[in-house]
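Commentary on secondary and tertiary structure
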Amino acid sequence: MIVIVAPGQGSQTPGFLAPWLEDSTVRERVGSWSEAIGVDLAAHGTTSDADTIRDTALAQPLIVAAGLVTADALLADGRRSLVGGVAGHSVGEFTAAAVAGILQPTDAVALVAERGRAMADAAALEPTGMSAVLGGDQDALPAALEAAGLVPANHNGGGQTVAAGSLEALAALSENPPAKTRVVPLSVAGAFHTRYMAPAVERMAPVAAAATVTDPTLPIWTNADGSRVEGGRHFVDLMVQQIANPVHWDAVMASFAAAGVTGIIELAPSGALTGLAKRGLRGTPAVGVATPDDLAAAITMLRDSADADAAVTA
C-alpha cells in the first residue's frame, strides 16, 4: 500500500514552483488561485527570495498550491485508484484534504490563504519561532524544553522534535542544547502549534465552518493523534484546532506501519517527510516529487505496488 504525504511550512525554497509552471495548464490553474486569494503565487513561487516566502501568509498557500499541482500530475490517468491513503504535515493537511476529496482544491487554497494570514497576524503579536531538536533522548526532551520555557510543537519521529516559543528562549536552547542533540532554527515566522496561535484558531473556526466539506474517498490520517478519520467535517475541525496544538507526525508514521504501508510518495516541495520516513519507517521506500522529472519514479512505485497486490490476490 502506497500513501501520499504532503509537507508543511518550512519546506519551501526559492523557485520551487518554477518547474511546474512550465506546463500551461498548471500556469492557468495557479493563476486562477492567485486571483481568488489576492496572492501572486506564480511570482512568489519563481522569483521571490527566501526571506519573502518565509512570510507565513505567502508560504502556506504556496506550499498547498505546489502539492495540489503535483498530486494532479501524479494521480492523472486513473492512478488515484492505486493510492492507499493520504496524510499531510501541518499545513500539508489542507493538501491532503483536497487529495482525499474532503475539500475542493480551490476551497483548500482559499482556506489555507486565510489560515496563513491569521497565523501571520498571531505571530506578529510576539517575537516567537521554532527550532528542530535532533537526536538525544527524545523521551526526556519535553521536560528539558519546559525547563527552558519552550514547548514541543511537532513530534516528528525519527529522532526529531520541534521546539517552539520565544526567540530569546530558542537562542538560549541553541547555545546550550540538551545532551547529544543538535538544534536547527526553522524558516518559519512564529511559534506555530502552540498557545501563541490561539487568536488564529478563533479567526479560522467560522471560516472553516462555512466551507463545503464532504467525507473522504481515500483513507486519511490526522496530525492530532495519528488516527484515521472517517468524517470530512471532523477532519476540517481537527485542522483548525491543530493550529494551536502539537503535530504528532510520529503517530501518523506509526499508523502507516500498522496499516501495512509499503511505500511513501511526498508531494512538492518534497524532502522533509521522506527524510523523516527514512528514520521513522526504516526500510520503507520513499520517493520525493520535487519537480516533474521525479514523477516517473513515483508512478513506477504506484504501479509496482498495484502489480504486487494483484499477484497476491491472484
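Residues numbered from 1 in each chain as written. Predicted model: local features only at pLDDT ≥ 70, side-chain atom pairs only at ≥ 80, totals over all residues. Heavy atoms only, no water.

**Describing the nonpolar core**
- With 81 residues, the main nonpolar core has Leu 74, Leu 103, Met 197 and Ile 265 as its most contacted residues.
- Filtering out sequence-adjacent residues up to four positions away, Leu 103 remains in contact with Phe 94, Ala 97, Ala 98, Ala 108, Leu 111, Thr 212, Val 213, Val 236 and Met 239.
- Grouped together as the second largest cluster of nonpolar side chains are 15 residues, Val 5, Met 253, Phe 256 and Leu 273 included. (Core = buried A, V, L, I, M, F, W, Y, C linked by side-chain atoms within 4.5 Å. Buried < 20%, exposed > 50% of the residue type's maximum accessible area, 1.4 Å probe, protein only. Contact = heavy atoms within 4.5 Å.)

**Notes on the packing of aromatic side chains**
- For the coordinates displayed, the defined rule picks out two aromatic pairs.
- Ring centres of Trp 221 and Phe 256 lie 5.3 Å apart, and the angle between their planes is 85°; this geometry places the pair in the edge-to-face category. You can see Trp 221 sitting in the loop between helix H9 (198-209) and helix H10 (232-242) and its partner Phe 256 sitting in helix H11 (residues 249-259), a full 35 residues away along the chain.
- For Trp 221, a relative accessible area of 6% puts it in the buried group.
- Geometrically, the ring pair formed by Trp 249 and Phe 256 is edge-to-face, given 6.2 Å between the ring centres and 90° between the ring planes.
- By the ring-pair criterion, three or more aromatic residues cluster together here, those being Trp 221, Trp 249 and Phe 256. (Phe/Tyr/Trp six-rings, centres within 6.5 Å; stacked < 30°, edge-to-face > 60°. Helix = DSSP H or I, 4+ residues; strand = E, 2+ residues; numbered from the N terminus.)

**Remarks on the sheet that holds strand E2 (residues 85-88)**
- The strand order E2-E1-E8-E9 describes an open sheet built from four strands, whose pairing is parallel. Two strands in the sheet have a free side with no partner beyond their single neighbour: E2 and strand E9 (286-288). Ignoring which end each strand starts from, the neighbouring axes of this sheet average 20° apart. (Pairing = 2+ DSSP bridges. Axes fitted to C-alpha atoms, helices over the stretch in contact; angles between N-to-C directions.)

**Quick notes on unusual backbone geometry**
- Look at the link from Ala 268 to Pro 269: it is a cis peptide, with omega at -5°.
- By secondary structure assignment, the location of Pro 269 is in the loop between strand E8 (263-266) and helix H12 (272-280).
- Unusually for a residue other than glycine, His 193 sits at a positive phi of about 60°.
- Along the chain, His 193 turns up in the loop between strand E6 (181-185) and H9.
- In this structure His 193 comes out as buried when scored by relative accessible area, which is 3%.

**Things to note about the pairing of strand E1 (residues 2-6)**
- With five of five residues buried, E1 is to be regarded as a mostly interior element.
- Residues Ile 2, Ile 4 and Ala 6 point to one face of E1 and Val 3 and Val 5 to the other, with burial holding for every one of them.
- In terms of strand pairing, E1 meets E8 through four bridges, oriented parallel. Pairing of Val 5 across the sheet is with Glu 266, part of E8.
- With four bridges joining them, E1 and E2 adopt parallel strand pairing. When the bridges of E2 are listed, Val 3 appears paired with Gly 85.

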